[in-house]
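# Summary of structural features
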Amino acid sequence: MTEIPKAYLPGDVERKWFQRWTEHGCFKADAASSKPAFSIVIPPPNVTGVLHLGHVLNNTLQDILARRARMQGKEVLWLPGTDHAGIATQSVVERKLRQEEKVSRRDLGREKFLERVWEWKEKHGGIIIEQLKRLGCSCDWSRERFTMDADYARRVQEVFVDLHQKGLIYRGRRMVNWCPKTLTALSDEEVIPKKQRSKLYTMRYELVDTPGQFLEIATTRPETLMGDTAVAVNPNDERYKHLIGKSVWRPFPKAAIPVVGDDHVDFEFGTGVLKVTPAHDKADYEIGLRHSLEVIDVLNADATMNDLAGPEFAGLDRFEARKKAVEKLTELGQLVKEEDYENNVGFSERADVPVEPRLSLQWFLKYPQVARASDAVASGQIKFRPERWSKTYLNWLENIQDWCVSRQLWWGHRIPAWYKNRGAENEEILVQMDSPGDGWQQEDDVLDTWFSSWLWPFATMDAPTLAKFYPTSDLVTGPDIIFFWVARMIMAGLEYEDRIPFANVFFTSIIRDKQGRKMSKSLGNSPDPLDLIDKYGADGLRFGLLRIAPTGTDVKFDETMIEEGRNFANKLWNACRFRQMQGGAPSGDWSLIGDAQFAQLTPFAVDILARLDQLAVDLDSAYADYEFNKVTQVLYEFFWSNYCDLYLETIKGDTSPATLAVQDIVLRGFLMHLHPLMPHATEELWETLGFGGAGSFLMSTVLPARGVLAACEPARVAAARQQAAEVYEAAARARNLKAEYNLASSRSVKFILKPLRPGAEPLAAVLRILAQAAEVAVNDAPALPGGTPVSVTPLGDLFMPLEGLIDVAAEKARLGKEIARIVAEVEKAEAKLASPAFAGKAPPDVVEKARQTLADWKEKQAKLEAMVAALG
């Protein structure tokens, strides 16, 4: 048996075990296995990504589920992979080309540029995968997938063609969200609303047939007025309905535009008059359709102004044009006022710039299986945790809009559409997998990245794997992609496998700093997880992070909790080393306690074994409800508080076979329960203590089906536990007595126990250790000075003679000062309650709280006065 070193060095242990697990194929899933299946697919991180704390939390939870399922005797598939991340990856490579070679993708051309992207992917794309391995993730790495793998890409295109044939995918000119930085359309889900401190500009348009009369209009975007083709008022607005059908002058380029009546106009916003710019606002576009308005697009794709904006504006950036438009309105005397204004502005999720509504020819998808996807969650067939996310999901499905699936990028799944005579009146379009032949040109656009990842749970699996592991068991993901990914996967699974893709969805928390701010590089408040692993170990990071991650609420990151995770690993290490130092081979015949073994157990041994059995029950309950924080807390409480602080204290100096066996039982059971959370340290200690056979692994050891005390008579167990509880309670009261006289750390205190029942001597010996006392003497009739401090305990009266322990005069003085302070508080509380202004007018609960405070002060006063009396 290898000796456990004094110091736990997590780096060495973690590298060793991950390599051994991998070499022995411990993570590989067998689709031919007869074991019940458990499966989970990793939310594929971007191929551009690096590990952050959100990944740590998410993947730790997945690893816990996978490892626990293996220890429940299941065949486990945890399928890993990465996403090609169209916009993010293309942006990274384009930036690299500009900085290092001073060329653009268009300088290279499509094929050469894609070669560069693949080169970058092969060099840098696996970084986050290696980082996940450092965390200890037990994925079946032999099955790692990439959303641009050839067979996966083929499946994506097959789905596109199929949906087009079903009439669910179509091509049309519609208003879309446009990112002027990446120059591509975005789906609604890729637009993030952000509060902005803007300006609200009130300007006036002159009525054409009534010179000198104006309509005042409020807008946040005066730079688009050159594209105004109408102004709109609500037909029910008494202020303006008489103007419907008339015209006003657009200031520049000057043109007469109509006043239209439309129910969309909000009476309350601004002046109640709306400038209608059909090319640059979704609502305006709808108004334009209803009233057959001209559409004038005054912006280029990069959000600079085009020639239709007029010579003064052409070429200006949109925000520069805003300033210019305000200046020009001022010159014309048509700017009424300018006010500070806070509004929500949609930002591109990836590029972090304001999006522009833009009329564009794109490919759209009418979502399939919407009703079934809604019912799957509403009926509980798929369970969301926390459950409140179900409402968010169902509400989105009720208001679902067609999905713009085309992206003006080169990196991604190229749309399998083919054109002949593109752009001409006789243009032909075919949607099919392969080229129709000469003269046909493939669509330049690629598919939205999410169009490939919505197939992830089944498109990653071959037929035997699907048969065994689909539908998957669990999905762990962030609530921020509930629409992007979760909802779409459900619809795709129902459409193409005719089954839900997973049974449970656990939405993780968002990790924030101690001030409640979201972690970000720009704020400098996001620690590097690899630095934390180097400092505290992967197991310490995992355990510490879970302790501050309650279900359903955001996590406020505190590095001291990660330090506590490392401290817990050290505590475990030292407790196992303590057992090893006591000698003796592990007991192999104590896995189930029978009558012969029970007779050898102390009450404290019975108690800790009963707590071990209860731990298994509590963990089952917590896992069933996906309460990972509770899992961590009950493990911590059992080992640190119950095993180390209590039980190990009761066996000091005891190396009997029964005592060694109990330690082995507890350590063996606890290492099994802790393994999913702290896999490396537990595997190391399992082997070092000799608990596993040659060539076996803790991670493959099945949890016992029965408790250690399952065969014992419940009454005998309860009686023994009651005896242990009485000693623990007596020890707590002994420590309180010491603390009252400032003797908490003193080990020279002697106690005298007047027992309630015979045979107290063995219990008194343990009580002495727990109370950290020099002696606990058992005496049925102790002769003690009057007033000797005493505490009534379940074992009997426990006296603490003070002779030689304290300076009586000094202690009386100290207690006198404390009594005087409490008397002042009592008088203050009594005066407050006696005041009619308080007692008669304050809310009843406030008055009751004041009464309780007074009672507490009086109780403290009486206790201190009794202590003074005890000093003589």
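Since we're looking at a predicted model, the values are computed, not measured.

What counts, and at which threshold
Residues numbered from 1 in each chain as written. Predicted model: local features only at pLDDT ≥ 70, side-chain atom pairs only at ≥ 80, totals over all residues. Heavy atoms only, no water. Helix = DSSP H or I, 4+ residues; strand = E, 2+ residues; numbered from the N terminus. Buried < 20%, exposed > 50% of the residue type's maximum accessible area, 1.4 Å probe, protein only. Contact = heavy atoms within 4.5 Å. Areas by Shrake-Rupley, 256 points an atom, 1.4 Å probe, with all protein chains shown as cover. Lys, Arg positive; Asp, Glu negative; His and termini not counted. Charge placed at Lys NZ, Arg CZ, Asp CG, Glu CD. Pairing = 2+ DSSP bridges. Axes fitted to C-alpha atoms, helices over the stretch in contact; angles between N-to-C directions. 1 Å grid on protein atoms, 1.4 Å probe; cavity = no way out; pocket = protein on both sides within 12 Å on 5 of 7 lines; lining within 4 Å. Points joined across faces, edges and corners; volume = space filled by probe spheres on them. Nonpolar A, V, L, I, M, F, W, Y, C, P; charged D, E, K, R; others polar. Core = buried A, V, L, I, M, F, W, Y, C linked by side-chain atoms within 4.5 Å. Right-handed = clockwise from strand over helix to strand, strands pointing away. Parallel < 35°, antiparallel > 145°, perpendicular 65-115°, else oblique. Left-handed = near helix turned anticlockwise from the far one by under 90°.

Attention shifts here to the overall build of the protein. Helix and strand counts for the protein come out as 28 helices and 29 strands. If you line up the protein on its principal axes, its C-alpha atoms span 115 × 80 × 50 Å. Per-residue burial for the protein yields a buried fraction of 52% across its 872 residues. A separation threshold of at least 6 residues defines the contact pool for the protein, and within that pool the share at least 24 residues apart is 77%. For the protein, the accessible area works out to roughly 38,700 Å², and carbon and sulfur atoms hold 50% of it. Of the charged side chains in the protein, 107 are positive and 121 negative; the average position of the first set lies 2 Å away from that of the second.

For the rest of this paragraph, the subject is the sheet that holds strand S8 (residues 214-219). Remark on secondary structure: sheet strands pair via backbone hydrogen bonds, oriented parallel or antiparallel. Spatial ordering of the open sheet is given by S8-S7-S13, a layout of three strands whose pairing is antiparallel. The sheet is open, and its two edges are formed by S8 and strand S13 (335-348), each paired on a single side. Neighbour to neighbour, the strand axes of the sheet diverge by 20° on average, direction disregarded. Relative to S8, strand S7 (residues 191-206) is paired through six bridges, and the arrangement is antiparallel. Bridging from a neighbouring strand, Tyr-205 pairs with Leu-215 of S8. Strands in contact with helix H9 (residues 318-331) are S7 and S13; relative to S13, the strand with the most contacts, it is inclined by about 165°.

As a further point, take the layout of surface pockets. Size it by volume and the second largest pocket reaches roughly 1,100 Å³. In terms of lining residues, the second largest pocket is bounded by 37 residues, among which Thr-220, Arg-221, Asp-281, Asn-343 and Asn-344 are the most central. The greatest single-element share of the lining of the second largest pocket, amounting to six residues, is contributed by S13. A class-by-class count of the residues in the lining of the second largest pocket yields 13 nonpolar, 13 polar and 11 charged.

Of all hydrophobic cores here, the largest spans 209 residues; its most connected members are Phe-384 and Phe-451. With residues near it in sequence (within four places) discarded, Phe-384 still touches Val-377, Trp-389, Ser-390, Tyr-393, Ile-482, Val-486, Ile-490, Val-505 and Phe-507.

Take unusual backbone geometry next. Geometrically, the link from Arg-385 to Pro-386 is a cis peptide bond, its omega value of -5° lying close to zero. The omega torsion of the bond from Tyr-470 to Pro-471 falls at 0°, within 30 degrees of zero and hence cis. Phi is positive for Lys-102, close to 55°, though the residue is something other than glycine. Along the polypeptide, Lys-102 turns up in the loop between helix H3 (86-101) and helix H4 (105-108).

We now examine empty space enclosed by the protein. As enumerated under the stated definition, the model contains one cavity of 30 Å³ or more in all. Roughly 60 Å³ of internal volume is contained in the largest cavity. Along its surface, the largest cavity is lined by 10 residues, and Leu-57, Leu-61, Phe-506, Ser-509 and Ala-549 are the ones closest to its centre.

Moving on: the pairing of strand S26 (residues 750-755). Within a regular beta strand, the side chains point alternately toward one face of the sheet and then the other, so they alternate between its two faces. Relative to strand S27 (residues 775-778), S26 runs parallel, the two sharing four bridges. Across the sheet, Leu-753 pairs through a bridge with Val-778, a residue of S27. This β-α-β element, S26 to helix H25 (residues 761-771) to S27, shows right-handed connectivity. Judged from the four bridges that link them, S26 and strand S29 (residues 796-799) form a sheet pairing that is antiparallel. Paired with Lys-754 across the strands is Asp-797, a residue of S29.

Turning next to the packing of helix H10 (residues 370-378) against helix H11 (residues 389-398). Helix-helix packing is described using two parameters, namely the angle between the two axes and the distance between the axes. Direction vectors running N to C along H10 and H11 enclose 165°, while the axes themselves pass 10 Å from each other. Taken as axis vectors, H10 and H11 run roughly antiparallel relative to one another. Between H10 and H11 the crossing geometry is left-handed. Along its contact with H10, which presents Val-370, Ala-373, Ser-374, Val-377 and Ala-378, the element H11 presents Ser-390, Tyr-393, Leu-394 and Leu-397.

Turning next to the sheet that holds strand S16 (residues 403-404). Strand order across the open sheet formed by four strands is S6-S5-S14-S16, with antiparallel pairing between neighbours. The strands lining the two open edges of the sheet, one partner per strand, are strand S6 (184-186) and S16. As paired strands, strand S5 (residues 169-179) and strand S14 (residues 356-365) are joined by 10 bridges and run antiparallel to one another. Along S14, the bridge assignment pairs Arg-173 with Leu-361. On the sheet, helix H8 (residues 282-291) packs against S5 and S14 and is oriented at approximately 135° with respect to S5.

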